[in-house]
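# Understanding the architecture of this molecule
In case you want the letters, here they are:
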Amino acid sequence: MSATPPIDQLVDNLFRREWGKLISVLTKLFGPQNLQLAEDVVQETLLKALHTWKINGLPQNPSAWLFTAARNKAIDVLRRQKTQQQYARNITPLLQSEYSLSPTVNELVNDAHIDDDQLKMMFVCCQPQLSAEAQVAVILKTLCGFSVAEIAKAFVTNYDTIEKRLYRARQSLKENKVCFDLPPRTALEQRLENVLTAIYLLFNEGYSSTHHDNLIRKDLVAEAIRLAELISNSKLINTGSAHALLALMYFTASRTDARLDEEGNILLLKEQDRGKWNREMTGKAIHHLDASAVAENLSKYHLEAGIAFEHAKAINYEKTNWKNILHYYDVLLTMYPSPLIALNRAIAVGELLGPAESIRAIEAIENITLLDKYYLLPATLGEQHSKLRQNERAAVYFKNAILLTASPAVKKLLQQKIDALQL
Amino acid sequence: MLIFHGCPDVTPSPEQMQASMTEWMAWIDKLAKDGRYVSGEPLMTGGKLIKGNIKGVTDGPYAEGKEVVGGYFIINAENYDEAVALCADYPDFDKDGSIQVRQVMKMDM
């Protein structure tokens, strides 16, 4: 190592981002039926990089280093297995001949069309024969470089469930001989919806992280925005719902700096200094909200962005138009019934009609058992009971909520609420 | 010479790799700033062990993952105590990694 590169040369999320790019180009090469093979090659490539770089320092161009290493590994793998395997349909013969093997790999495994490749990969993941959850899991695993444990957190479920989901998804890509290409125009919209769901989950992961103490990871938020912009910038699929999702994400992200105080405590919307909201992001949000109007159908992102817009418009918490917000939640709940949306609606009910009505709304939630492991349910009930000065009941709910979250910042916030009850 | 032993987790997530890389760069940065760092190289896994004569070649040098040497640093230190103290920030202790600290023999000419 000649000179020590400064730490800031290590780009945020370099490993996760390069993972997504490499998986995309290798899937183009191996075919979606060999997704596991692509993942193995990428895992080995990144491990080799870590092993080398941590002692030698970063190379001048880490991405180019990785693409070269991945190409070499791919050629090794193809040489070893060339007669027994079927790869991407149109190029399999080229990969089975020693004359054309290296040129074909060099042609495909590079970053010349990396945006298109990642876009196509998103749609490979969204096969109609997979469940929506499985599609989302595969996107997070392949394009976003999430580990199984990290995906489990995003889904509020356990490791084995995700592992099984991914296994079945890989099997399904194999059995259905899926191509590496965009779906036909008729299926595009439906598949796009699942792609957007995955991006939204990635974004939310940025607000409650799996294994870091800090609550907000701006890098994950940026990654979700990057993927959504990849879609909204594409000439092939420029739809209103992608813009609506971008609006929602920018509105939410604009509050990042106001969301924690100097000691890293969570500040609720009510307590936030609205002067710290990022106006540049709010501007982008409004831009995308405008652009989203071209959509033929109202997506849930339109409605959620509408709610976020109401918050952005209010000069202070007291000026919030809860009536409009409740209206958006009512429409949302009709179009997309879900206990989670119903819970958020109940919070808006509380702001508009008081804590007793909020509790009533919570008790009326259909399929509320689906939220059994979600801390926000007891946390909300605790909040409403504390407003009714039923402090002992509130404390029980807050304690319950503490047990359900892994986030130290959320635990601390809930403990502060218990302390404030002065039992 | 700091010799790094251990075969860290073979299935870290990209995020964990990023975290590990950040820690290593911070450590090297610190060593370099203090004028301690001289050089270092990673070693590839695998290799050969030769015993007796060149016909006595086996795959090696170790079978145990824990004992595999992943790489080394050459650093400047006055004595073992100082060298050991410089290892306080070694990032892989919690990943079952260990460090062998050896003094490179210098002949006075």
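Residues numbered from 1 in each chain as written. Chains lettered and ligands numbered in written order. Predicted model: local features only at pLDDT ≥ 70, side-chain atom pairs only at ≥ 80, totals over all residues. Heavy atoms only, no water.

## Thoughts on the overall build of chain B
To keep things clear, this is the line we draw: Comment: elements are numbered from the N terminus, with helices defined as DSSP H or I runs of at least four residues and strands as E runs of at least two. For every residue, the accessible area (1.4 Å probe, protein chains only) is compared with the maximum for its type, and the residue is labelled buried under 20%, exposed over 50%, or partly exposed between those bounds. Contacts are assigned to residue pairs with any non-hydrogen atoms lying within 4.5 Å of each other.
Broken down by element type, chain B carries two helices and six strands. Of the regular secondary structure in chain B, the N- to C-terminal order runs β-α-β-β-β-β-α-β. With 109 residues in all, chain B has 31% of them scored as buried. For chain B, contacts bridging at least 24 residues in sequence account for 72% of all contacts bridging at least 6.

## Here we look at unusual backbone geometry
Residue and element names in this part refer to chain A. Even without being a glycine, Lys177 presents a positive backbone phi close to 45°. By the element assignment, Lys177 lies in the loop between α9 (159–175) and α10 (185–205). Of note in this structure, Asn367 is not a glycine but carries a positive phi near 55°. On the basis of relative accessibility, which here comes to 53%, the residue Asn367 falls in the exposed class.

## Some thoughts on the packing of helix α7 (residues 132–142) of chain A against α10 of chain A
Residues and elements named next belong to chain A. The condition is simple: Each axis is a line fitted through C-alpha atoms, taken for helices only over the stretch in contact, and angles between the N-to-C directions span 0 to 180 degrees. Should an angle fall under 35 degrees it is taken as roughly parallel, and over 145 as roughly antiparallel, whereas 65 to 115 is taken as roughly perpendicular and any remaining angle as oblique. By definition, turning the near helix anticlockwise from the far helix through less than a right angle yields a left-handed crossing, and turning it clockwise yields a right-handed one. Charged residues are taken to be Asp, Glu, Lys and Arg, nonpolar residues to be Ala, Val, Leu, Ile, Met, Phe, Trp, Tyr, Cys and Pro, and polar residues to be all remaining types, Gly included.
Where α7 contacts α10, the axes come no closer than 9 Å and their chain directions differ by 60°. Of the possible angle classes, the one that applies to α7 and α10 is oblique. Helix-helix and strand crossings are classified by hand; for α7 and α10 the assignment is right-handed. In this structure, α7 contributes Ala132, Gln135, Val136, Ile139 and Leu140 to the contact, and α10 contributes Asn194, Val195, Thr197, Ala198, Leu201 and Leu202. Its residues assigned to classes, the contact of α7 with α10 shows eight nonpolar, three polar and no charged.

## Let's talk about the state of the cysteines
Should the sulfur atoms of two cysteines be covalently bonded, the bond is a disulfide. The following threshold applies: Note on disulfides: each one is a pair of cysteine sulfur atoms within 2.5 Å.
All told, the structure shown has zero disulfides over all chains when counted by the stated rule. Free cysteine Cys144 of chain A: the closest other cysteine sulfur is in Cys125 of chain A, separated by 8.9 Å.

## What about the nonpolar core?
Residues and elements named next belong to chain A. So the rule is basically this: Take the buried Ala, Val, Leu, Ile, Met, Phe, Trp, Tyr and Cys residues and link them wherever side-chain atoms come within 4.5 Å; each set so joined is a nonpolar core.
With 99 residues, the main nonpolar core has Leu29, Phe30, Ile199 and Ile231 as its most contacted residues. Dropping the residues within four chain positions of it, Leu29 is found in contact with Ala74, Leu78, Tyr87, Ala88, Ile91, Leu95, Val105, Leu108 and Val109. Formed by 21 residues, the second largest nonpolar core is a distinct cluster that contains Tyr317, Leu332, Ala346 and Val349.

## What to know about the side chain of Glu150 of chain A
Residue and element names in this part refer to chain A. What counts here: N or O atoms within 3.5 Å of each other form a polar contact, as long as, within protein, one can give a hydrogen and the other can take it, and as long as residues adjacent in sequence are counted only when both atoms are side-chain atoms.
The residue Glu150 is located in helix α8 (residues 148–154) in this model. Given the relative accessible area of 5%, Glu150 is considered buried. In this structure the side chain of Glu150 is engaged in a polar contact, spanning 2.8 Å, whose partner is the backbone nitrogen of Ser147.

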